[in-house]
Amino acid sequence: MTAPFRNFIAGEWVAAAEAAPNVNPSNVADVVGDFARGSAADVDAAVAAAKAAFPAWSRTVPYARHEILKTVAAEIFARKEELGRLLSREEGKTLAEGIGEVTRAGQIFEFFAAETVRLAGETLPSVRPGVGAEVTREPLGVIGMITPWNFPIAIPAWKIAPALAYGNCVVFKPAELVPGSAHALVDIIVRAGVPAGVMNLVMGKGSVVGQRLLDHPDVHAITFTGSVPTGRRVAAAAIGGETMKKIQLEMGGKNPLVVLDDADLAIAVETAVNGAYFSTGQRCTASSRLIVTEGIHDRFVAAVTERLKGLVVDDALKAGTHIGPVVDEGQLDQDMRYIEIGRSEGARLAFGGELLDRDAEGFYLQPALFTEATNSMRIAREEIFGPVAAVIRVKDYDEALAVANDTPFGLSSGICTTSLKHATHFKRNADAGMVMVNLPTAGVDFHVPFGGRKGSSYGPREQGSYAREFFTQVKTAYTLA
Ligand code: UN1
């Protein structure tokens, strides 16, 4: 047995009292390694180091931070095959998806490397004679990060890169299921030259490491991606404690994809299958409600079913696999429970939904398609987070739009149509943070804002230049000259 992978605190790799195995969901006999399980004291040490490092780090010239982030990007690109393999092995998305996600992480570091030197302020005349006003942006201080298992490197990248770009210090707690990619990323960042204390990694349990980050008075801000119930607890703890922390929450989705009679059928089928089932449906941006008008409904359902029959569900690392396993047993149980709920609510399971046997023991589930669903069913209202989608039949565009917006969530909303009128109307009236026309609801660019409305998100947007809203704070200075 090799020694557990360690946490990174105050510029050192530090062993923890406990460790936990990181298991491959494609083959539960394959253990990626044992990873440290940090304690509240480890968080305290990391926060103290981050606090101590902040004054000097926040005053480095932006170009120094640019060089570090650029070095991180270059190493990620150079190692994308190896890092993609590690990611797919621990998370279960296919190798192509794993390498794609690693590439995205590299692009994010490259983007924020450039953003370091673009952080502009404003200069205005005051309303008082002889006085000038300046508006500048400054870093926040120590930022706690709590990230989910479904994007083991891209989500950490889009939180860490802007945090460092704008001069903040980081204490990063990755999801327990995917510490391997997090450990590899932090190793790259520290070797790129960040000073001790600026970047800290504390792996471990949400109830211990996450909770201490939320409670710690010297943590100034928390950025979180995960489920709605956890997000609510994060918000309550982060605001209710000794320090009222700035918060950014990215939570669930129940994203609609509207398919109109005038859609290009081939595009609609690819858009739906990609959005609903790729990455095993484990994306907050997944299309889980397929809202289809009467005239195309039967053709669409038949074509999607045909396409699903051709998808290979197997080991994430095997060539030819289209859909990898579900991430773990708990998530698989949740998926199966919802498939049962859908049946008992009266929806028709038109395809899939059964467990699959493969060479190795893993969490293999045949993608499930429900038809005859209504928008009031639990399978249409609650986030399942698996390869399960429900078709809701509607009369026309107006009903489709109303159903699309009738949800407690508002992350991503899609439409397949060849009508400029309907596409334009939908972009304007979809009650979501992101709208996709003839494109899957999932799969986003790295240089434009990411985030939702209603129950999906809280606080400023992530990604692109808009990330500065969360990762900096504004100062207004007046001078009488
Ligand atoms: C994407 O669809 O490309 O957790 C990104 C999630 C989102 C990221 C989705 N925060 O699924």
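Residues numbered from 1 in each chain as written. Predicted model: local features only at pLDDT ≥ 70, side-chain atom pairs only at ≥ 80, totals over all residues. Heavy atoms only, no water.

1. Let's talk about the packing of aromatic side chains
Summed over the entire model, instances satisfying the criterion amount to 7 aromatic pairs. On the numbers, 4.4 Å between centres and 10° between planes, the contact of Phe5 with Phe35 is stacked. Pair noted here: Phe5 is in the segment before strand 1 (7-9) and Phe35 is in strand 4 (residues 31-37), with a separation of 30 residues, a long-range link. Taking relative accessible area as the criterion, Phe5 reaches 34% and is therefore assigned partly exposed. The structure contains a cluster of three or more aromatic residues connected by ring pairs, namely Phe111, Phe112 and Phe446. Looking at Lys93, its charged tip hangs above the ring of Phe151, at a distance of 3.9 Å from the centre. (Phe/Tyr/Trp six-rings, centres within 6.5 Å; stacked < 30°, edge-to-face > 60°. Helix = DSSP H or I, 4+ residues; strand = E, 2+ residues; numbered from the N terminus. Buried < 20%, exposed > 50% of the residue type's maximum accessible area, 1.4 Å probe, protein only. Lys NZ or Arg CZ within 6 Å of the ring centre and 35° of its normal.)

2. Here we look at the packing of helix 3 (residues 80-91) against helix 4 (residues 95-115)
Interaxial distance between helix 3 and helix 4 falls to 8 Å at its minimum, and their mutual angle equals 120°. Between helix 3 and helix 4, the interaxial angle falls into the category oblique. Considering the relative orientation of helix 3 and helix 4, their crossing is right-handed. Mapping the contact onto sequence places Lys80, Glu81, Leu83, Gly84, Arg85, Leu87 and Ser88 in helix 3 and Leu95, Gly98, Ile99, Glu101, Val102 and Thr103 in helix 4. (Axes fitted to C-alpha atoms, helices over the stretch in contact; angles between N-to-C directions. Parallel < 35°, antiparallel > 145°, perpendicular 65-115°, else oblique. Left-handed = near helix turned anticlockwise from the far one by under 90°. Contact = heavy atoms within 4.5 Å.)

3. Focus: the site of the ligand
The local shell around the ligand holds 13 residues, among which Arg104, Asn150, Cys284, Thr285 and Gly443 are the closest. Cys284 has a polar backbone atom sitting 2.6 Å from an oxygen atom of the ligand. At a separation of 3.1 Å, an oxygen atom of the ligand approaches a polar backbone atom of Val444. In isolation the ligand has 320 Å² of accessible area, and contact with the protein removes 99% of it. By residue class, the composition of the shell around the ligand is 7 nonpolar, 4 polar and 2 charged. (Near = heavy atom within 4 Å. Polar contact = N/O pair within 3.5 Å; in protein donor to acceptor, adjacent residues only side chain to side chain. Areas by Shrake-Rupley, 256 points an atom, 1.4 Å probe, with all protein chains shown as cover. Nonpolar A, V, L, I, M, F, W, Y, C, P; charged D, E, K, R; others polar.)

4. Observations concerning the pairing of strand 5 (residues 122-125)
Pairing geometry for strand 5 and strand 6 (residues 131-139), over 4 bridges, is antiparallel. Its bridge partner being in strand 6, Leu124 is matched across the sheet by Ala133. What sits between the antiparallel neighbours strand 5 and strand 6 is a turn of 5 residues, in which Gly130 has the positive phi angle 80°. (Pairing = 2+ DSSP bridges.)

5. Here we look at helix 10 (residues 294-309)
If you check helix 10, its first and last C-alpha atoms are 23 Å apart, about what 16 residues at 1.5 Å a residue would give, namely 22 Å. Turning to helix 10, its buried residues are Ile296, His297, Phe300, Val301, Val304, Thr305 and Leu308. Residues of helix 10 that are buried make contact with strand 12 (255-259), helix 9 (265-277), strand 13 (287-293), strand 14 (348-351), strand 15 (368-373) and strand 16 (388-394). (Expected span 1.5 Å × (residues − 1).)

6. Things to note about the sheet that holds strand 6
The strand order 5-6-22 describes an open sheet built from 3 strands, whose pairing is antiparallel. At either end of the open sheet lies a strand with only one pairing partner, and these are strand 5 and strand 22 (472-480). Taken over all neighbouring pairs, the strand axes of this sheet differ in orientation by 20° on average, direction set aside.

7. Describing a nonpolar patch on the surface
A contiguous nonpolar surface patch, about 300 Å² in accessible area, is contributed by Val61, Tyr63 and Val117. Within the secondary structure, Val117 sits in the loop between helix 4 and strand 5. (Patch = residues over 30% accessible without salt bridge, like charges linked within 9 Å, V, L, I, M, F, W, Y side chains within 5 Å. Salt bridge = Lys/Arg side-chain N within 4 Å of Asp/Glu carboxyl O.)

8. Quick notes on the sheet that holds strand 14
Two strands in a sheet stick together by hydrogen bonds in their backbones, pointing the same way (parallel) or opposite ways (antiparallel). If you trace the 7 strands from one edge of the open sheet to the other, you get 14-15-16-13-12-18-19, paired in mixed fashion. The open sheet has two free edges, formed respectively by strand 14 and strand 19 (434-437), since each of these has just one partner strand. Between one strand and the next, the sheet's axes are offset by a mean angle of 25°, whatever the strand orientation.

9. As for the pairing of strand 10 (residues 221-225)
Side-chain direction in a regular strand flips from residue to residue, so the side chains alternate between the two faces of the sheet. Burial runs high along strand 10: 5 of the 5 residues are buried. Alternating residues of strand 10 divide into Ala221, Thr223 and Thr225 and Ile222 and Phe224, and every residue in both groups is buried. Examined bridge by bridge, strand 7 (residues 142-146) and strand 10 share 4 bridges and lie parallel to one another. Paired with Met145 across the two strands is Thr223, which belongs to strand 10. When strand 10 meets strand 11 (residues 246-250), the two strands line up parallel, connected through 5 bridges.

10. Focus: the nonpolar core
Residues Phe109, Ile160, Leu164 and Met199 are the most contacted members of the largest nonpolar core, which totals 90 residues. When residues of this core are assigned to their parent elements, the largest contribution, 9 residues, is made by helix 5 (residues 154-165). Setting aside anything within four residues of it in sequence, one finds Ile160 in contact with Phe109, Met145, Val170, Phe172, Leu185, Ile189 and Met199. Core analysis: the second largest hydrophobic core is formed by 30 residues, Phe370, Ala373, Met377 and Ile384 among them. (Core = buried A, V, L, I, M, F, W, Y, C linked by side-chain atoms within 4.5 Å.)

11. Points about the pattern of salt bridges
Overall, the coordinates contain 27 salt bridges when judged by the stated rule. Among the ionic pairs, Lys93 bridges to Glu101, the shortest N-O distance being 2.6 Å. Since its relative accessible area comes to 2%, Lys93 is described here as buried. Ionic contacts of the salt-bridge type, sharing partners, join the residues Glu75, Arg79, Glu82, Asp187 and Arg191 into one network.

12. Some words on the domain arrangement of the protein chain
Under the domain assignment used here, the protein chain contains domain 1 (7-251 + 456-480) and domain 2 (256-437). Counting residues at the interface gives 23 residues for domain 1, matched by 28 residues for domain 2. The largest contributions to the domain 1 side of the interface with domain 2 come from Ser26, Trp149 and Ser456, which together make up 26% of the buried area. Counting the contacts that link domain 1 with domain 2 gives 9 residue pairs in polar contact (both at pLDDT 80 or more). Counting only elements with at least two residues in the side of domain 1 that touches domain 2, the list comes to helix 3 and helix 4. (Domains from an automatic or database assignment. Buried area = accessible area lost by both parts, 1.4 Å probe.)

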